[in-house]
Amino acid sequence: MNDVLRPVLVLGGAVVIAVFLGWLIDRGLRSATRRKPRNRLPQLLRRCQAPLQVLLVSSALQVAHGPSALDIPQNAVIETILAIITTAASAWLAIVAAGAVAENILASYAGRTDDIARVRQFRTQLTIVRRVVTTILAIVASAIAILVLFPALRTLGASMLASAGVLGIIAGVAAQSMLGNLFAGLQIAFGDSVKIGDTVVVEGEWGTVEEISLAFITIRIWDDRRLTMPVSHFNGQPYENWSRGGHEITGTVFLYLDHSTPVAELREHLHSFLLGRKEWDGRSWSLVVTDTTASSIEVRAAMSAANSSDVWDLRCAVREELIGWLHREYPHALPRINTAAAVLPGPREPAEGGGQDAAAEISGNGVAPPRARRGAERRE
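Numbers given to residues run from 1 along each chain, matching the order in which its sequence is written. A pLDDT threshold of at least 70 governs which residues receive local features in this predicted model, and a stricter bar of 80 or more applies before side-chain atom pairs are shown or counted, although totals over entire chains, interfaces and linings include all residues. Remark: hydrogens and water are excluded; side-chain values derive from all non-hydrogen atoms of the structure.

Student: How would you summarise the sheet that holds strand S6 (residues 249–257) if you had to cite specific residues and measurements?
Tutor: Strands were regarded as paired on the criterion that DSSP finds at least two bridges between them. Here a helix means four or more residues in a row that DSSP labels H or I, a strand means two or more in a row labelled E, and each is numbered from the N terminus. The strand order S6-S8-S7 describes an open sheet built from three strands, whose pairing is antiparallel. Edge positions in the sheet fall to S6 and strand S7 (280–292), since each of these pairs with one other strand and no more. Averaged over all pairs of adjacent strands, the angle between their axes in this sheet comes to 15°, without regard to strand direction. Bridge count between S6 and strand S8 (residues 297–305): nine bridges; the pairing is antiparallel. If you follow leucine 255 over to S8, its bridge partner there is valine 299. The sheet strands contacting helix H10 (residues 263–275) are S6, S7 and S8, and the helix crosses S7 at an angle near 160°. Should any heavy atoms of two residues lie within 4.5 Å, those residues are considered in contact. To get an axis, fit a line to the C-alpha atoms, keeping to the stretch in contact for a helix; angles then go from 0 to 180 degrees between the N-to-C directions. Packing of helix H11 (residues 308–329) onto the sheet brings it into contact with S6, S7 and S8, and relative to S6 it is tilted by some 25°.

Now the structure itself:
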């Protein structure tokens, strides 16, 4: 009876103590959040509750496994499993804690500055650094689990470390694309070419940068689709970044109208319409004739806005308003296709010596028919 009761009491007591310790830490973080609500770090660190509990319980079981005097054939397997869980929980806790600290730093930085572009740049850099740290921690935890917890593989690990130069060359050649995306991601993060939240035009698609990882960039297109592209694309291919250098942007609307369009009145109506639109930031506007063809003129209306979202709404509103105003006030200014019969010029006066017959048969284009030409030749 003692052989069963002692292990249960020791191991159960260790689990209870570990859970109680995790509960105390969580209560302390909650109390710190109530005392200093402006400090978000305690609230963010509460996300570590799950990995912390796993780490405390696995560590307590490892410590209590020996004193429990548990005598079963699978003791070595249990110790290995507990060690693996402890290692994985430690990496998990470090990753979650690093994310909480990074988010707190970003929130603190955003509260101290009004420069949105700098905040987005800092957020991009923190995101890339977090992903690099997460990858390194995962690799280190895996290496510890393989090389330390499994003694049979230590010799293999030593051999792999001895030939690390050759393996590095082989891995570099095999993972050339992955390494290229990794360094491209670091270059983007610290080179300030594109940031999370920037409005870009890539492959003919307009959208906002939603996520930057070590390998891919996700762009949220205006219709809520997601365009995922490798990071290296932004270092090797041209793209438009409407947010670089400031959020202000100038939009254009092109109209193709009849030559009789009253451009001056149209210009005045555009100005009066912009004065009543909240999307227009008041920086600049214009309406000019940019081109003309045999059947129409090209009119370009330009207006400025504070950001890409406002300029899109403003362009649509201006286009709709100008067309509607022309339709109400000057319907003849809208382009039309002429389907009436062509008006031909009348017959021309015959030349001297041409004869009455030839003059009567001269066609509308001034060219005499063959019969008239033959009569004129006989008279000559």
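After that view of the structure, there is still more to cover.
Student: I'd like a description of unusual backbone geometry, backed by residues and values.
Tutor: Notably, glutamate 203 is not glycine yet its phi reads approximately 55°, a positive angle. With respect to the helices and strands, the residue glutamate 203 is situated in the loop between strand S1 (199–202) and strand S2 (205–212). Here the phi dihedral of aspartate 224 falls at roughly 70°; this positive angle occurs in a residue that is not glycine. The topology assignment puts aspartate 224 in the loop between strand S3 (216–221) and strand S4 (226–230).

Student: Describe in detail the environment of aspartate 26, supporting the description with residues and values.
Tutor: Tracing the backbone through its elements, the reader meets aspartate 26 in helix H1 (residues 2–35). Separated by 26 residues in sequence, aspartate 26 and leucine 52 place their C-alpha atoms 9.9 Å apart.

Student: Give a detailed account of a nonpolar patch on the surface, specifying residues and quantitative values.
Tutor: Where nonpolar side chains cluster on the molecular surface, the patch consists of Phe20, Leu21, Trp23, Leu24 and Ile25 and spans about 460 Å² of accessible area. Mapped onto the secondary structure, phenylalanine 20 falls in helix H1. Candidates for patches are residues over 30% relative accessible area with no salt bridge; among them, like charges are joined within 9 Å and nonpolar side chains (Val, Leu, Ile, Met, Phe, Trp, Tyr) within 5 Å. Here the Shrake-Rupley method, with its probe set to 1.4 Å, supplies the accessible areas, and only the displayed protein chains count as covering residues. Take a side-chain nitrogen of Lys or Arg and a carboxyl oxygen of Asp or Glu: if they are within 4 Å of each other, that pair is a salt bridge.

Student: Describe in detail H10, supporting the description with residues and values.
Tutor: Helices are assigned an expected span. That span is 1.5 Å times one less than the residue count. Compared with an ideal rise of 1.5 Å per residue, which puts 13 residues at 18 Å, H10 spans 19 Å between its outermost C-alpha atoms and is within 8% of the ideal. Summary of the burial criterion: residues with accessible area below 20% of their type's maximum are buried, those above 50% are exposed, and those between are partly exposed, where the area comes from a 1.4 Å probe applied to protein chains only. All buried positions along H10 are accounted for by Val263, Leu266, His269, Leu270, Phe273 and Leu274. What you see down the axis of H10 is that its buried residues fit within an arc of 135°, all on one side. When the buried face of H10 is taken as reference, the exposed residues oriented beyond 90 degrees from it are Glu268 and Leu275. What the arc describes is the spread of directions from the helix axis to the C-beta atoms.

Student: Lay out H11 in plain terms, naming residues and giving numbers.
Tutor: Between its first and last C-alpha, H11 extends 31 Å over 22 residues, near the 32 Å set by a 1.5 Å rise per residue. Considered for burial, the residues of H11 that qualify are Ser308, Val311, Leu314, Ala317, Val318, Leu322, Trp325 and Leu326. On its buried side, H11 packs onto S1, S2, S6, H10, S7 and S8. Pairs of N or O atoms are called polar contacts if they sit within 3.5 Å, as long as, within protein, a hydrogen donor faces a hydrogen acceptor (for residues adjacent in sequence, only side-chain-to-side-chain pairs). One side-chain oxygen at the N-terminal end of H11 lies 3.2 Å from the backbone nitrogen of serine 309; it belongs to asparagine 307.

Student: I'd like to hear about the pairing of S1, residue by residue, with values.
Tutor: Judged by which residues are buried, S1 turns out to be covered on both faces: Thr199 and Val201 on one side and Val200 and Val202 on the other are all buried. Following S1, the chain reverses through two residues before pairing antiparallel with S2; glutamate 203 in that reversal takes a positive phi of roughly 55°.

Purely spatial values, then, with no claim about function.
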